[in-house]
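Reading the structure
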Amino acid sequence: MEQAALAWPTAGALALAVAVALAWDARFGEPPARLHPVVAMGWVLERLGRRVAPMPGAPVPPARVFAAGMLAWTLGAAGVVALAWVPQALLSHAPWWVQGLALGLLLKPLLAWRMLREEVAAVEAAQARGLQAGRTQVARLVSRDVQALDEAGVRQAALSTLAENLNDSVVAPLFWFALAGLPGAALYRWANTADAMWGYRGVRGGRDWTFGGRWAARADDALSWLPARLTAVLLLAASGRSVPWRALRAQARRTPSPNGGWPMGALALRLGVRLTKPGVYALNEAGRPPQPVDTARALAWCGRAVAGWGALLVAGLAGVAMLGRPS
């Protein structure tokens, strides 16, 4: 058993798992919420958050709040990694193709391209029925005040979410899976979910996250750093044209996040549109307001980026598997 626990999936198994996960996502989408590991992570984070973040104005030392957030995040991360390691270890002595099929099915809930694509497309479809319908639909994707958005603002919110979540929901989970197996992908989704729920500067949901969510935000920044830049490159490659790296870097620096501005900036520059969040960032300010055709183009480019990233990972891992075979 100890030997099995230390074993690692073969590169061939990892390659097959990536292909299976993407194929399953394309065909079936998300599992039911009661079986979804990311939903479970959210449930745990919500309950931990009640103990981490104080009520506004509570006389709790900031250092104590920060330490509570760090400890809760770390304990949760350890649990997530352990739960992901168990099935991977149990599969370690199975044939490589069995490992690949099983790991692919377990990996699928940790990525979500079909759902992201459908939700963004639904915003555009709702816009065709009227502004309020568009606002209602985009509220499913963003935390900003949608009632203040005009037609261009609704579309900007949807496109920004599409670009940023192309990294968070697809590129980064697959990146960490290729490097660290199922535990790597699970750890990334824990970090990303924690950042989405805890990583706020100020009050949210009746609690002050200024210090309690700081560790979660920094952990997500660290794990997303390289994948976010890869996502920008993949988006540009999928669109068939590049942009000056200096211009992209300048746009990326305009967002509070050190990572989100890279895929969003790439999409804004490539489409030639403005992507703004009032009071937070404005990307490609000289661009025009986005139109329905821009949503269609962005979805097509993101689809190609997902397919290209999957193909690169499968080919690379398969190549490693071939090199590792005895002659």
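Data block above holds the structure.
The following paragraphs examine the structure supplied in this document. (Residues numbered from 1 in each chain as written. Predicted model: local features only at pLDDT ≥ 70, side-chain atom pairs only at ≥ 80, totals over all residues. Heavy atoms only, no water.)

1. A few points about a nonpolar patch on the surface
A cluster of nonpolar residues, Trp-24, Phe-28 and Leu-105, forms a patch on the protein surface that exposes about 310 Å² of accessible area. Position of Trp-24 among the secondary structure elements: in helix 2 (residues 11-28). Here Trp-24 falls in the partly exposed class, since its relative accessible area comes to 38%. (Patch = residues over 30% accessible without salt bridge, like charges linked within 9 Å, V, L, I, M, F, W, Y side chains within 5 Å. Areas by Shrake-Rupley, 256 points an atom, 1.4 Å probe, with all protein chains shown as cover. Salt bridge = Lys/Arg side-chain N within 4 Å of Asp/Glu carboxyl O. Helix = DSSP H or I, 4+ residues; strand = E, 2+ residues; numbered from the N terminus. Buried < 20%, exposed > 50% of the residue type's maximum accessible area, 1.4 Å probe, protein only.)

2. A closer look at helix 4 (residues 62-90)
In this model helix 4 runs 43 Å from its N-terminal to its C-terminal C-alpha over 29 residues, within 8% of the 42 Å that 1.5 Å per residue would give. The set of residues buried in helix 4 consists of Val-65, Gly-69, Ala-72, Trp-73, Gly-76, Ala-77, Val-80, Ala-84, Gln-88 and Ala-89. (Expected span 1.5 Å × (residues − 1).)

3. With respect to the side chain of Thr-231
Secondary-structure assignment places Thr-231 in helix 9 (residues 214-239). At 2.8 Å, the side chain of Thr-231 and the backbone oxygen of Pro-227 are in polar contact. Those residues within four positions of Thr-231 in sequence are excluded, and the remaining contacts are Ala-163, Leu-166, Asn-167, Val-171 and Pro-263. (Polar contact = N/O pair within 3.5 Å; in protein donor to acceptor, adjacent residues only side chain to side chain. Contact = heavy atoms within 4.5 Å.)

4. As for the environment of Arg-229
Assignment of secondary structure puts Arg-229 in helix 9. If sequence neighbours within four positions are ignored, Arg-229 has contacts with Pro-258, Asn-259 and Trp-262. One polar contact links the side chain of Arg-229 to the main-chain carbonyl oxygen of Trp-225, over a distance of 2.7 Å.

5. Focus on the nonpolar core
Grouped together as the largest cluster of nonpolar side chains are 74 residues, with contacts concentrated most on Trp-73, Leu-107, Leu-162, Leu-174 and Phe-177. It is helix 8 (residues 151-198) that contributes the most residues to this core, 21 residues altogether. Ala-232, Leu-236, Val-243 and Ala-266 belong to the second largest nonpolar core, which has seven residues in total. (Core = buried A, V, L, I, M, F, W, Y, C linked by side-chain atoms within 4.5 Å.)

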